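# Structure at a glance
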Number of protein chains: 2
Amino acid sequence: MRPSTREALVGAAAELLDEGGPEAVTLREVGRRSGVSHNAPYKHFADKEALLAAVAAQELGRRASSLAAAAEQPPDEAVRTAMHGYVAWALENPRRFKLVYGTWRTGSPELATAADSARSRLVGLVTAAQNAGALPGGDPERLTALILALAHGAVDLALSGHLARDGKGRADPDDLIDDLFGHLAKG
Amino acid sequence: MRPSTREALVGAAAELLDEGGPEAVTLREVGRRSGVSHNAPYKHFADKEALLAAVAAQELGRRASSLAAAAEQPPDEAVRTAMHGYVAWALENPRRFKLVYGTWRTGSPELATAADSARSRLVGLVTAAQNAGALPGGDPERLTALILALAHGAVDLALSGHLARDGKGRADPDDLIDDLFGHLAKG
DNA sequence: ACCTGAACACCGTTCAAGT
DNA sequence: ACCTGAACACCGTTCAAGT
């Protein structure tokens, strides 16, 4: 069966987001690409932000699935692999990354659920790595937060050009992740 | 002497940014609060983005000054103090934080200079801490990037609600910074 | 050099009306 | 239940003109 109007709207919005950022997502163009009028979206979403939240939730759901794939690796490598995957996703889809972690004026339950799901999967990987002796002990949620914060910050700084780009101090997000795991292994 | 028109425009833009985010910074309101017409800003800035870049550069310049203050502490504590200061600034001024590290369609040399200045000050603090034996060795630029990425990511995740908020795994950005320094000290 | 007022194209949102 | 067309208020930007 062909996509429902709602799915078409979300798809068109994601497409426009990739092409030109959130302000390029005009309800008029979303409607046009979906074959409906420019205010048909209001029958499916409260406003433009709710439409963007649906795009973010869809993206986060896909991220959670790719975390499930990382879980099939041996536990001592799964977390690192997952983090490199996170970085690759963010660098390839910077506007989706910025959207997902942007500021929302009105909280979307759909988005919150997707975020919790992704984070709890990662906590599972970290716990397994701890049990395998590949990561130091302590509260797994807290260690997960540490690792995720580093990966997230490295990507965000890289995207905004605030990471040293040239010269001998050059480090990309993948390097920083490996550095962190090196320090954690020594502890 | 009273503020020039340019300074008034930047000040009004910063005020509006704090009140309602970037989209609340309308050139019409900026002009009104500065006592000029709604298109007078175009005589000082190429467009709205250039005005926002001036706000970001001003903010980053102030951040660099506050890093200078941290340098007066003993070297083994200066970096940690600076990072807690970074977190406090970001949590108190989330819209300025998001603006500074947002995506710019057109690069501003003013902003790039301010960013380099802030980062090189931090590298100086890290180098001093390494010499004092408070941080592990290795390339100071790269270690600086690691620490900054963690602080930045922790704040950004906290602002977007992607850090665990309740339950036993709860960690705020300050906790994560201390955790990182703990792991680094053990290495 | 700096500023103004009018104008243009565009956008989010609302509303009355249609099926 | 879902959609349309007209309309409203608003905004970034441009332009001709003023001092």
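Residues numbered from 1 in each chain as written. Chains lettered and ligands numbered in written order. Predicted model: local features only at pLDDT ≥ 70, side-chain atom pairs only at ≥ 80, totals over all residues. Heavy atoms only, no water.

### A closer look at the protein's contact with DNA strand C
Close contacts around DNA strand C come from 18 residues, with R28(A), N39(A), S37(B), N39(B) and H44(B) the closest. Within 4 Å of the protein, the atoms of DNA strand C are drawn from sugar and phosphate moieties in a proportion of 44%. Between DNA strand C and Y42(A), the relevant distance is 2.8 Å, taken from a phosphate oxygen to a side-chain nitrogen or oxygen of the residue. One nitrogen or oxygen atom from the main chain of K48(A) is found 3.1 Å from a phosphate oxygen belonging to DNA strand C. (Near = heavy atom within 4 Å. Polar contact = N/O pair within 3.5 Å; in protein donor to acceptor, adjacent residues only side chain to side chain.)

### Looking at the relation of the copies chain A and chain B
When chain A is fitted to chain B, the best match, at an RMSD of 0.0 Å, comes from turning it 180° and sliding it 0.0 Å along the axis. Taken together, the turn and the small shift mark the pair as related by a two-fold rotation axis. Scanning chain A for the C-alpha nearest the rotation axis identifies G153(A), at a separation of 1.7 Å. (Least-squares fit on C-alpha atoms with pLDDT ≥ 70 in both.)

### Remarks on the interface of chain A and chain B
Across the boundary between the two partners, chain A contributes 43 residues, which contact 43 residues of chain B. For the pair chain A and chain B, the two sides together bury roughly 3,600 Å², of which 59% comes from carbon and sulfur. Looking at the side of chain A facing chain B, the largest losses of area belong to R142(A), H162(A) and H183(A), adding up to 18% of the total buried there. Here chain A is connected to chain B by four salt bridges. For D179(A), the salt bridge identified is with R142(B), shortest N-O distance 2.7 Å. (Contact = heavy atoms within 4.5 Å. Buried area = accessible area lost by both parts, 1.4 Å probe. Salt bridge = Lys/Arg side-chain N within 4 Å of Asp/Glu carboxyl O.)

### A look at the packing of aromatic side chains
Tallied over the full model, the rule gives ten aromatic pairs over all chains. Between Y86(A) and Y101(A) the ring centres are 6.5 Å apart and the planes differ by 70°, which places this aromatic pair in the edge-to-face class. With Y86(A) in helix α4 (residues 75–92) and Y101(A) in the loop between α5 (94–100) and α6 (109–131), the pair connects residues that are 15 residues apart, well separated along the chain. In this structure Y86(A) comes out as buried when scored by relative accessible area, which is 1%. Considering the side-chain rings of F97(B) and Y101(B), the 5.4 Å spacing of their centres and the 55° angle between planes classify their relative orientation as tilted. Each member of the pair, F97(B) together with Y101(B), is buried. Grouping aromatic residues by their ring pairs yields a cluster made of Y86(A), W89(A), F97(A) and Y101(A). (Phe/Tyr/Trp six-rings, centres within 6.5 Å; stacked < 30°, edge-to-face > 60°. Helix = DSSP H or I, 4+ residues; strand = E, 2+ residues; numbered from the N terminus. Buried < 20%, exposed > 50% of the residue type's maximum accessible area, 1.4 Å probe, protein only.)

### A few points about helix α8 (residues 173–186) of chain B
Counted at 1.5 Å a residue, the expected span for α8(B) with its 14 residues is 20 Å, and the 20 Å between its end C-alpha atoms agrees. Of the residues making up α8(B), those classed as buried are P173(B), L176(B), I177(B), L180(B), F181(B), H183(B) and L184(B). The buried residues of α8(B) occupy one face: seen down the axis, they fall within an arc of 160°. Along α8(B), the residues that are exposed and aim more than 90 degrees away from the buried face are A185(B) and K186(B). Packing partners of the buried residues in α8(B) comprise α7 (140–159) and α8 (173–186) of chain A together with α4 (75–92) and α7 (140–159) of chain B. (Expected span 1.5 Å × (residues − 1). Arc of directions from axis to C-beta.)

### Considering the protein's contact with DNA strand D
Near DNA strand D, the surroundings consist of 18 residues, among which S37(A), N39(A), H44(A), R28(B) and N39(B) are the closest. Counting only atoms of DNA strand D within 4 Å of the protein, the sugar-phosphate share comes to 44%. Separating a phosphate oxygen of DNA strand D from a backbone N or O atom of L27(B) is a distance of 3.0 Å. One of the side-chain nitrogen or oxygen atoms of R28(B) is found 2.5 Å away from a base nitrogen of DNA strand D.

### Concerning helix α1 (residues 5–20) of chain A
All names here are of chain A. For α1, with 16 residues, the first-to-last C-alpha span of 22 Å sits near the 22 Å given by 1.5 Å per residue. Listed in full, the buried residues belonging to α1 are L9, V10, A12, A13, A14, L16, L17 and G20. Of the surrounding secondary structure, the elements contacted by the buried residues of α1 are α2 (27–34), α3 (48–70) and α5. Phi turns positive one or two residues past the end of α1, at G21, with a value near 80°.

### Thoughts on the nonpolar core
When a protein is soluble and globular, its nonpolar side chains tend to lie buried together. L135(A), I147(A), L135(B) and I147(B) are the most contacted members of the largest nonpolar core, which totals 124 residues. Leaving out residues up to four positions away in the same chain, I147(A) has contacts with V79(A), M83(A), V126(A), L135(A), L180(A), F181(A) and L184(A). (Core = buried A, V, L, I, M, F, W, Y, C linked by side-chain atoms within 4.5 Å.)

### Re the packing of helix α3 (residues 48–70) of chain B against helix α6 (residues 109–131) of chain B
Packed helices, taken two at a time, are described by the angle between their axes plus the distance between the axes. All names here are of chain B. Packing of α3 against α6 brings their axes to within 8 Å, and their N-to-C directions diverge by 15°. When the interaxial angle is binned, α3 and α6 end up roughly parallel. When the axes of α3 and α6 are compared, the crossing they make is left-handed. Between α3 and α6, the residues in contact are A54, A56, A57, L60, G61, A64, L67, A68 and A70 and E110, L111, A114, A115, S117, A118, R121, L122 and L125, respectively. (Axes fitted to C-alpha atoms, helices over the stretch in contact; angles between N-to-C directions. Parallel < 35°, antiparallel > 145°, perpendicular 65-115°, else oblique. Left-handed = near helix turned anticlockwise from the far one by under 90°.)

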